[in-house]
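Geometric and topological summary
For reference, the chains in residue letters:
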Amino acid sequence: MSERKKIYLCLAHMSEAGLEQKYINEAFETNWVVPLGPNVDGFEKALEDFVNENGRLSKRVVALSSGTAAVHLGLVAAGVKAGDEVLVQSFTFCASTHPVTYLGATPVMIDSEPDTWNIDPDLLEEAIRDRIAKTGRQPAAIVPVALYGMPYRIDRIMEIANRYGIPVVEDAAEGFGSRYQGQVLGTFGLNGVLSFNGNKMITTSGGGALITADDAAWREVMMYATQYRESYPYYQHEKIGYNYRMSNICAGIGRGQMSVLESHLAHHRHVQQLYEQLFADVPGIEVHAQPAGGAFDSNYWLTAITLDPDLRVKGQENAYKTMVTEAVGGVAGVIHTARSVVTDCQPNDNVEALRVALDKADIESRPVWKPMHKQPVYASVPAYVNGVSEAIFKVGMCLPTGPCVSDDDVRYIVDVIKSTIES
């Protein structure tokens, strides 16, 4: 393929004014190279202004070292403890479920509805009733996930949660800037999770945040994020805390990134629309889009497509013949050498063949998340499934959508995909 640059799924893009560098330089010049400081305070204030939408709400935000840390502290704030059960959307990244196990609790996997790909409210309520009947206890928390930025049906989720008295920890790590009925995701439940990993809507290189209800909740989460030290002139700890605070350096990047958040949101939505237009006349490929009606406003963190199982892709006969030797769908990562080139639940051969073809054309892509109830590590946990997420996993794929992806890049990606399809 010649001179083309590698097109990545979603990479951070710095602000034109270089504000990130300005704030970082100030941190070094003033020797604030610690997990607190002016940048942390400024970043949290900017996040609060955004999620509160100019005073419409009064949420508080704690900046943390990762989105995973935010899920963990969100569960702690919800009162989850060892022996509890937590209802978690199965169609998600493992950061939504692993923190449940950190606390000695058990994740109970809930499958998805077909239009949003997010947690199915009907199945959620069925699971609540069944867990109460089987254990004599109600679940300790509910964790819906904004998959690829798509809003979950939070009105129905909150109605069910409130009726049973179960706190909701919204995992909006992929959904920063997405809204449901005009309200920012992460602000409906007890608390909300954000992520600023290097591939998210904005980045702090690595980091996250927890949206809390008020000053009292904010202070308690802050205590847990900083080792829960008591007010003595020496270190005394009466609760187990964590070292989860965001550094002043990373927060400086985040402060600069807030200046480009709106342009990033607009770009992702524009790229999604362009994919929809360019694939409109391609049989066998469907672009995942938000339901009609106006309630959903996705940030379209990643554009996802599904391939008809009968679609023939060039090279399909060679799918899953060789072992993957590096992480797929991420610019960094360490992987464990697998025992086999295949598993009992994997994308169809045409999806894998297309991924390989795109990789050869210097286009990064990846399958959609493998449902957690199909992960070996969760083989023994309760699961309430309807077949939706597993069916999507077999035919789904994510395409580049980030701020560094131009219109020409999108056209090139679509042209490469068209060229790989056998007529």
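Residues numbered from 1 in each chain as written. Predicted model: local features only at pLDDT ≥ 70, side-chain atom pairs only at ≥ 80, totals over all residues. Heavy atoms only, no water.

1. Regarding the pattern of salt bridges
For the structure shown, the criterion picks out 25 salt bridges. Here Arg245 and Glu44 are joined by a salt bridge, their closest N and O atoms 2.7 Å apart. One end of the pair, Arg245, is in the loop between α7 (215–225) and α8 (248–257); the other, Glu44, is in helix α2 (residues 38–52), and 201 residues separate them in sequence. Here Arg245 and Glu44 have matching classes, each one buried. Between Arg131 and Glu85 there is a salt bridge; the shortest N-O distance is 2.8 Å. In this pair, Arg131 sits in helix α5 (residues 121–135) while Glu85 sits in strand β2 (residues 85–89), placing the two residues 46 residues apart along the sequence. A relative accessible area of 15% means that Glu85 is categorised as buried. Where salt bridges share partners, they join Glu125, Arg129, Glu159 and Arg163 into one cluster. (Salt bridge = Lys/Arg side-chain N within 4 Å of Asp/Glu carboxyl O. Helix = DSSP H or I, 4+ residues; strand = E, 2+ residues; numbered from the N terminus. Buried < 20%, exposed > 50% of the residue type's maximum accessible area, 1.4 Å probe, protein only.)

2. Section: the packing of helix α9 (residues 261–279) against helix α12 (residues 407–420)
It is the contact of α9 with α12, at a shortest axis distance of 10 Å, that shows an interaxial angle of 35°. Every pair of crossing elements has a handedness; the one defined by α9 and α12 is right-handed. Across the interface between the two elements, His270, Val271, Leu274, Tyr275, Leu278 and Phe279 from α9 touch Asp407, Val410, Arg411, Ile413, Val414, Ile417 and Lys418 from α12. Tallied by class, the residues present in the contact of α9 with α12 amount to 9 nonpolar, 1 polar and 3 charged. (Axes fitted to C-alpha atoms, helices over the stretch in contact; angles between N-to-C directions. Left-handed = near helix turned anticlockwise from the far one by under 90°. Contact = heavy atoms within 4.5 Å. Nonpolar A, V, L, I, M, F, W, Y, C, P; charged D, E, K, R; others polar.)

3. Digging into the sheet that holds strand β5 (residues 169–171)
Neighbouring strands of a sheet are bound in pairs by backbone hydrogen bonds; such pairs are parallel or else antiparallel. The strand order across the open sheet built from 4 strands is β1-β9-β8-β5, with neighbouring strands paired in mixed fashion. Two strands bound the open sheet, and with one partner strand each, they are β1 (60–64) and β5. Between one strand and the next, the sheet's axes are offset by a mean angle of 20°, whatever the strand orientation. Bridge count between strand β8 (residues 191–195) and strand β9 (residues 208–212): 4 bridges; the pairing is antiparallel. Note on β9: the bridge partner recorded for Ser195 is Gly208. Lying on the sheet, α2 is in contact with β1 and β9; it crosses β1 at an angle near 135°. Against the sheet, α7 touches β1 and β9, its axis set at about 10° to β1. (Pairing = 2+ DSSP bridges.)

4. Description of the nonpolar core
Counting 62 residues, the largest nonpolar core has Phe43, Ile110, Leu124, Ile142, Tyr148, Phe176 and Phe196 as the members making the most contacts within it. When residues of this core are assigned to their parent elements, the largest contribution, 6 residues, is made by helix α6 (residues 154–164). Among residues more than four places away in sequence, those in contact with Ile142 are Leu87, Leu124, Ile128, Ile157, Ala161, Ile166, Pro167, Val168 and Val169. (Core = buried A, V, L, I, M, F, W, Y, C linked by side-chain atoms within 4.5 Å.)

5. Some details on the state of the cysteines
In a disulfide, the sulfur atoms of two cysteines are held together by a covalent bond. A full pass over the atoms with the stated rule returns 0 disulfides. Here Cys10 is not cross-linked by a disulfide; its sulfur's nearest cysteine counterpart is in Cys404, at 8.5 Å. Note on Cys10: relative accessible area 4%, which makes it buried. Free of any disulfide, Cys94 has its nearest cysteine sulfur in Cys398, 15 Å distant. Given a relative accessible area of 23%, Cys94 falls into the partly exposed group. (Disulfide = S-S within 2.5 Å.)

6. What to know about α7
Listing the buried residues of α7 in full gives Trp218, Val221, Met222, Met223, Tyr224 and Ala225. The inward-facing, buried residues of α7 abut α2, β1, α3 (67–77) and β9. N-capping of α7 is provided by Asp214, with a side-chain oxygen placed 3.3 Å from the backbone N of Ala216. Once α7 ends, the next one or two residues include Gln227, with phi positive near 70°. (Polar contact = N/O pair within 3.5 Å; in protein donor to acceptor, adjacent residues only side chain to side chain.)

7. Some words on the packing of aromatic side chains
For any pair of aromatic rings, the description rests on two quantities: the centre-to-centre distance and the angle between the ring planes. Enumeration according to the criterion identifies 12 aromatic pairs in this entry. For the ring pair Tyr180 and Phe296, a centre distance of 5.2 Å and an interplane angle of 85° mean the geometry is edge-to-face. Of the two residues, Tyr180 is situated in strand β6 (residues 179–180) and Phe296 in strand β11 (residues 296–297); the sequence distance between them amounts to 116 residues. Both residues of the pair, Tyr180 and Phe296, belong to the buried class. (Phe/Tyr/Trp six-rings, centres within 6.5 Å; stacked < 30°, edge-to-face > 60°.)

8. Thoughts on the sheet that holds strand β4 (residues 141–143)
Spatially, 4 strands are ordered β4-β2-β3-β14 in an open sheet, and the strand pairing comes out parallel. One side of each edge strand has no neighbouring strand; the edge strands of this open sheet are β4 and β14 (383–384). Taken together, the 3 bridges between β2 and β4 define a ladder with parallel strand orientation. Its bridge partner lying in β4, Val86 is registered against Ala141.

9. Section: the packing of helix α1 (residues 19–29) against α8
Where α1 meets α8, the closest approach of the two axes is 7 Å, and the angle between their N-to-C directions is 150°. Comparing their axes, α8 and α1 come out roughly antiparallel. Note on packing geometry: the crossing formed by α1 with α8 is right-handed. The residues of α8 that touch α1, namely those facing Leu19, Glu20, Tyr23, Ile24, Ala27 and Phe28, are Asn248, Ile249, Gly252, Ile253, Arg255, Gly256 and Gln257. (Parallel < 35°, antiparallel > 145°, perpendicular 65-115°, else oblique.)

10. Here we look at α9
Given a rise of 1.5 Å per residue, 19 residues ought to cover 27 Å, and the 27 Å separating the end C-alpha atoms of α9 matches this to within 8%. Listing the buried residues of α9 in full gives Leu261, His264, Leu265, His267, His268, Val271, Gln272, Leu274, Tyr275 and Phe279. Residues of α9 that are buried make contact with α2, α8, β10 (285–287), β12 (303–307), β15 (396–399) and α12. (Expected span 1.5 Å × (residues − 1).)

These results come straight from atomic positions and should not be treated as a statement about function.
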